[in-house]
Amino acid sequence: MFPHLHWIVLVLISTVFGALALIVKKRGLAHEHSLEYLGTFKFFELVIVLPFIPLLNLNYSFRTYAWLYVLSIFITAGLYYQAKGFKHVQFSKALPLFELRTVITLFASMILLGEFLSWVQVFGVAIILLSLYHIQSVGSVRGTIREFFHSKGLHAMLVSMFLLGVTIVFEKKLLLDTNIFSYLSIMYAFSLINALAALTIVYDGYSGVINGVRKEGTLIFEAALFSTLSNIFFLAALTTAYVALAEALRKTSSILAMVLGRRYFHDKHYKKRLFWTVVAVMGVVLLV
């Protein structure tokens, strides 16, 4: 796929679409319930990839599908908490928190796989945590701590980063058992099933998706489209790229989203948060 484009170009295209997805997602969440949004988002994602499913290899064992579904439950939960937190936290304060996912993955790999951090990676973790503190700071250490304990949005984002950061460790194994494009399509389908099940238990089932389409259908479809395009271009880049370098370059999407999103979100302390977001991404580069 895209044989004439260098992997760096593919990752940069992925980064642009990823940044646009974050901006549109934040706008769509403003007037939409988080679970309804997630169900509608997953519905549109599956619709977008449906034309490609006949071209995929889906001949896997029952055990593989079972593990994929178990993993999809945790990913769906992580995405729900991400939407919930993203909805309630200011755009310029929420974006840098996505870098925390890489830190969680490192520690999960250390605990579950017996991997160890190098001193460079420890330094990178320290830079990320310092950057996140300055971004979330409200003046004093006591005020920042008080803000953290009272912010349900921050709590939701942290739960999301923990769930999604840990699941990446298991995703690597399942990607080896399947392939990237098949994995993506299967997880889209399973995540939609999970979201509909949650909507049925908590609210009104598929009616929640219909409500989402009616209320913010255009913005949610745009977010799903940009997100899917970002994934496709990134997966295409991985066929020839160094994975670590591609991941590091893709992390710049949070910086681009903050720059482009200023038109829609007029947060205070924008320049300060942009600076520390750049520093946090530099910390991420040290981790990969």
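Now for a description of the structure that goes with this document. (Residues numbered from 1 in each chain as written. Predicted model: local features only at pLDDT ≥ 70, side-chain atom pairs only at ≥ 80, totals over all residues. Heavy atoms only, no water.)

### Overview of the overall build of the chain
A tally of helices and strands in the chain yields 13 helices and zero strands. Walking the chain from its N terminus toward its C terminus, one meets helices and strands in the order α-α-α-α-α-α-α-α-α-α-α-α-α. Over its C-alpha atoms the chain spans a radius of gyration of 19 Å, differing by no more than 12% from the 19 Å that the globule rule assigns to 288 residues. Put simply, the chain has 288 residues, and 50% of those count as buried. (Helix = DSSP H or I, 4+ residues; strand = E, 2+ residues; numbered from the N terminus. Rg over C-alpha atoms; globule rule 2.2 N^0.38 Å. Buried < 20%, exposed > 50% of the residue type's maximum accessible area, 1.4 Å probe, protein only.)

### Regarding the packing of aromatic side chains
Under the definition given, this model contains 11 aromatic pairs. Between the aromatic rings of Phe-43 and Phe-44, the centroid separation amounts to 5.6 Å while the plane-to-plane angle is 50°, which identifies the pairing as tilted. Assessed through its relative accessible area of 11%, Phe-44 is described here as buried. Geometrically, the ring pair formed by Phe-275 and Trp-276 is edge-to-face, given 5.2 Å between the ring centres and 80° between the ring planes. What makes Trp-276 buried here is its relative accessible area of 17%. Members of the aromatic cluster, each reached through a chain of ring pairs, are Phe-17, Phe-226 and Phe-233. It is Lys-25 that lies over the ring of Phe-41; its NZ or CZ is 4.8 Å from the centre. The aromatic ring of Phe-86 is capped on one face by Lys-26, whose charged end is 5.5 Å from the ring centroid. (Phe/Tyr/Trp six-rings, centres within 6.5 Å; stacked < 30°, edge-to-face > 60°. Lys NZ or Arg CZ within 6 Å of the ring centre and 35° of its normal.)

### So, the side chain of Ser-182
Tracing the chain through its elements places Ser-182 in helix H9 (residues 180-202). Among the polar contacts made by the side chain of Ser-182, one reaches the main-chain carbonyl oxygen of Asn-57 at a distance of 2.9 Å. Those residues in contact with Ser-182 that sit more than four places away from it in its chain are Leu-56, Asn-57, Leu-58 and Tyr-60. (Polar contact = N/O pair within 3.5 Å; in protein donor to acceptor, adjacent residues only side chain to side chain. Contact = heavy atoms within 4.5 Å.)

### Quick look at the layout of surface pockets
A volume near 360 Å³ is recorded for the second largest pocket. Taken together, 13 residues form the lining of the second largest pocket, with Trp-67, Val-70, Leu-71, Phe-170 and Leu-174 sitting closest to its centre. Looking at the lining of the second largest pocket, the elements that each hand over two or more residues are helix H3 (62-88) and helix H8 (152-177). Class assignment of the residues belonging to the lining of the second largest pocket gives a composition of eight nonpolar, two polar and three charged. (1 Å grid on protein atoms, 1.4 Å probe; cavity = no way out; pocket = protein on both sides within 12 Å on 5 of 7 lines; lining within 4 Å. Points joined across faces, edges and corners; volume = space filled by probe spheres on them. Nonpolar A, V, L, I, M, F, W, Y, C, P; charged D, E, K, R; others polar.)

### Observations concerning the pattern of salt bridges
Scanning the entire structure with this criterion turns up two salt bridges. Glu-32 serves as the salt-bridge partner of Lys-215, at 3.7 Å between the closest nitrogen and oxygen. Within this pair, whereas Lys-215 is found in helix H10 (residues 206-237), its partner Glu-32 is found in the loop between helix H1 (7-29) and helix H2 (34-49), the two being separated by 183 residues in sequence. Residue Lys-42 pairs with Glu-45 through a salt bridge whose shortest N-O separation is 2.9 Å. (Salt bridge = Lys/Arg side-chain N within 4 Å of Asp/Glu carboxyl O.)

So yeah, pure geometry; function would need other evidence.
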